[in-house]
Amino acid sequence: MKILVVEDELRLAEALSQIMQEQKYQVDVANDGNDGLDYALYGDYDVIVLDVMLPGKDGFEVVRALRAAKVQTPVIMLTARDDVRDKIRGLDKGADDYMTKPFVPEELLARIRALSRRQGEVLLEEISMEDLTLSLSTNDLLCGAKSIHLAFKEFEIMKILLSNQKTIVSKEMLISKVWGDDSDAEDNNVEAYISFLRKKLSFLGSRVQISTIRKVGYRLESGNG
Ligand code: CA
């Protein structure tokens, strides 16, 4: 198991690193928010232990940037005060758990184990509709004996459509979630990807189709119904 510790108190960082190495975990330590974010974005960690009060970016900014970059690594935040607002703020930004300093190392280890188990389950997840299944671990779209790999944006769009079955998904929502609010993507970017996905659905021979709801957006529908 690979853990990232982002903590600017050097003695605490060193102590945590030692405790984790005793558990045979691989540990990287970053001492400020900017390094922490870089490590977290490019290293492949199972769990990130993230202090709130950090030089550079604080822990809230780091976790928000990670989630915005679609990095879903579980994050445990370390807060200095027993401040409920800090806890809520951390969880709002996408943290999975938090601990108040000072804490007992065994408790941190227990929470790391719990979060890494949860991560393992998420990796197996898939979403289905009728004869169509999207694997969230391999980005493959499957139907019967056939399967086809989806490119990153195709995958994100299909995941949103499958997670919102029976509701209409607007182009604005797709742009915001797949390209990001500050991108300059336009409706025709979405239309292009919807057309790629339709070709792939037709290759698979699935009964599921992407219907265009004029001036509103898209919805998955069963070709039989
Ligand atoms: Ca600190």
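Residues numbered from 1 in each chain as written. Predicted model: local features only at pLDDT ≥ 70, side-chain atom pairs only at ≥ 80, totals over all residues. Heavy atoms only, no water.

Here the focus is the pairing of strand β6 (residues 126–129). Covered by surrounding structure in β6 are Ile127 and Met129 only, the residues Glu126 and Ser128 on the alternate face being uncovered. Bridge count for β6 against strand β7 (residues 132–135) is four bridges, and the pairing is antiparallel. Within β7, the residue paired with Ser128 across the bridge is Thr133. Counting the residues between successive antiparallel strands, the hairpin from β6 to β7 contains two residues, one of them, Glu130, with a positive phi of roughly 50 degrees. (Buried < 20%, exposed > 50% of the residue type's maximum accessible area, 1.4 Å probe, protein only. Helix = DSSP H or I, 4+ residues; strand = E, 2+ residues; numbered from the N terminus. Pairing = 2+ DSSP bridges.)

Turning next to the coordination of the calcium ion. In this structure, Asp8 (OD), Asp51 (OD) and Met53 (O) serve as the protein donors to the calcium ion, at separations of 2.1 to 2.3 Å. Within one chain, the residues serving as donors to the calcium ion are arranged as D-x42-D-x1-M. Placement of Asp8 in the loop between β1 (2–6) and α1 (10–22) and of Asp51 in strand β3 (residues 47–51) is noted, with a sequence separation of 43 residues between them. Of the residues examined, Asp8 reaches a relative accessible area of 29% and is grouped as partly exposed. (Donors = N, O, S within 2.8 Å, 3.2 Å for Na, K, Ca; no water.)

It is worth spelling out the packing of aromatic side chains at this point. Going through the model one piece at a time under the given rule, you end up with two aromatic pairs. Here the aromatic rings of Tyr193 and Phe196 are separated by 5.2 Å at their centres, their planes lie at 80 degrees, and the arrangement is edge-to-face. Remark: Phe196 and Tyr193 occur in helix α8 (residues 187–204); sequence separation between them is three residues, near one turn of the helix. A relative accessible area of 23% means that Tyr193 is categorised as partly exposed. The structure contains a cluster of three or more aromatic residues connected by ring pairs, namely Trp179, Tyr193 and Phe196. The aromatic ring of Tyr45 is capped on one face by Lys2, whose charged end is 5.0 Å from the ring centroid. (Phe/Tyr/Trp six-rings, centres within 6.5 Å; stacked < 30°, edge-to-face > 60°. Lys NZ or Arg CZ within 6 Å of the ring centre and 35° of its normal.)

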